[in-house]
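Spelled out from the first residue to the last, the chains are:
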There are 2 protein chains.
Amino acid sequence: MMLIRIEPDSEIPIYLQLTHELIELMARGKLKDGDPLPSVRSFAADLGVNMHTVNKAYHELERKQFIQIIPKSGAIVSSISNDMAQFHHERITTALQPVIAEALVIGMSDREIKAVVSSIMKDLRGE
Amino acid sequence: MMLIRIEPDSEIPIYLQLTHELIELMARGKLKDGDPLPSVRSFAADLGVNMHTVNKAYHELERKQFIQIIPKSGAIVSSISNDMAQFHHERITTALQPVIAEALVIGMSDREIKAVVSSIMKDLRGE
DNA sequence: CCATCTGTTCTAATACTATTATAACAGAAA
DNA sequence: TTTCTGTTATAATAGTATTAGAACAGATGG
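Residues numbered from 1 in each chain as written. Chains lettered and ligands numbered in written order. Predicted model: local features only at pLDDT ≥ 70, side-chain atom pairs only at ≥ 80, totals over all residues. Heavy atoms only, no water.

A short note on the interface of chain A and chain B
Opposite the 38 residues of chain A that make contact, chain B presents 38 residues. In total, about 3,800 Å² of surface goes out of reach between chain A and chain B, with carbon and sulfur atoms giving 78% of it. Counting the contacts that link chain A with chain B gives six salt bridges. Among the ionic pairs, Arg125 of chain B bridges to Asp110 of chain A, the shortest N-O distance being 2.5 Å. For the pair chain A and chain B, the number of links is eleven residue pairs in polar contact (both at pLDDT 80 or more). Elements represented by at least two residues in the side of chain A that touches chain B include exactly α1 (14-27), α4 (85-105) and α5 (110-125) of chain A. At 16 residues, α4 of chain A tops the list of elements feeding residues into the side of chain A that touches chain B. The residue makeup of the side of chain A that touches chain B, split by class, is 23 nonpolar, seven polar and eight charged. (Contact = heavy atoms within 4.5 Å. Buried area = accessible area lost by both parts, 1.4 Å probe. Salt bridge = Lys/Arg side-chain N within 4 Å of Asp/Glu carboxyl O. Polar contact = N/O pair within 3.5 Å; in protein donor to acceptor, adjacent residues only side chain to side chain. Helix = DSSP H or I, 4+ residues; strand = E, 2+ residues; numbered from the N terminus. Nonpolar A, V, L, I, M, F, W, Y, C, P; charged D, E, K, R; others polar.)

With respect to the pairing of strand β2 (residues 74-77) of chain B
Residues Ala75 and Val77 of chain B point to one face of β2 of chain B and are all buried, whereas Gly74 and Ile76 of chain B, pointing to the other face, are not buried. The turn linking strand β1 (residues 67-70) of chain B back onto β2 of chain B is made up of three residues, and Lys72 of chain B within it adopts a positive phi angle of 60°. (Buried < 20%, exposed > 50% of the residue type's maximum accessible area, 1.4 Å probe, protein only. Pairing = 2+ DSSP bridges.)

Observations concerning the protein's contact with DNA strand D
Neighbouring DNA strand D are 23 residues, the closest being Ile14, His52, Thr53 and Lys56 of chain A together with Arg41 of chain B. When the atoms of DNA strand D within 4 Å of the protein are grouped by moiety, sugar and phosphate amount to 63% of the total. Take Tyr15 of chain A: an N or O atom from its side chain is 3.0 Å from a phosphate oxygen of DNA strand D. In the environment of DNA strand D, a sugar or linking oxygen lies 3.2 Å from a nitrogen or oxygen atom belonging to the backbone of Lys72 of chain B. When contributions to the surface near DNA strand D are tallied by element, the ones reaching two or more residues are α1 and α3 (51-63) of chain A together with α2 (40-47) and α3 (51-63) of chain B. Counting residues per element, the surface near DNA strand D draws most heavily on α3 of chain A, which supplies four residues. (Near = heavy atom within 4 Å.)

Structural data, given as structure tokens:
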């Protein structure tokens, strides 16, 4: 049983909420390399969403190389290959840039921004 | 003349690209408190997009309190009121969280993540 | 081997968002 | 008073998100 809650009325699409939640579970170490993910059908039933929505989330995770989908069998969490570091690094930087810019505009100091980042990292690593 | 380039074929909606670009200009100090923004018509003409798309970007910026729209007159960059710090702070944290989680999963160390954040801040503040 | 489970693929419908195009309106500005 | 401004309205198009239902074929386990 996967402890995940979806907000159907969120502005964030369900399949993206799901990818975020699963990545967070990986960050927290609750999903580890090699762990199997639920089948799209059972997971969809648990979450009360459509099979295709879960499938879309899985393919998003596969695109980002966080899981491996074995055709007609299932999906498992996959370790990140080090040689793709550059690929991932660029995505992270691109995603971070507009948020940091916004933080600067609202008047946050470098120290404050780093503190927020540290706080988030601590929360994810802790426990 | 505002030095902004839009990618019409990006996965990111044009109106969001515009908001990001404008916020970045504010972060870089090229748009300062009280500076007027181009009219939605002239800006749209310059960018080669529709008037309504620029208007949507402006209202997105107003919602985030980065500009002030004076009805039937124009829009100006507005300083951030300190008493809204909590409001902004939460948005920043919420936006940052999934990206940090992703960074951790791809194996970035705390030091590396902070380095990327510092690099972005330096780029925005520098020059 | 066989029944079941798996992801895959297809069609289809609905709702919403993004973008563009026109047009008209009323307040602001010069 | 003419021009510029954001505002509002209608409409069309394209794309995305979500759901539904069904069929297919490879994988799995008894």
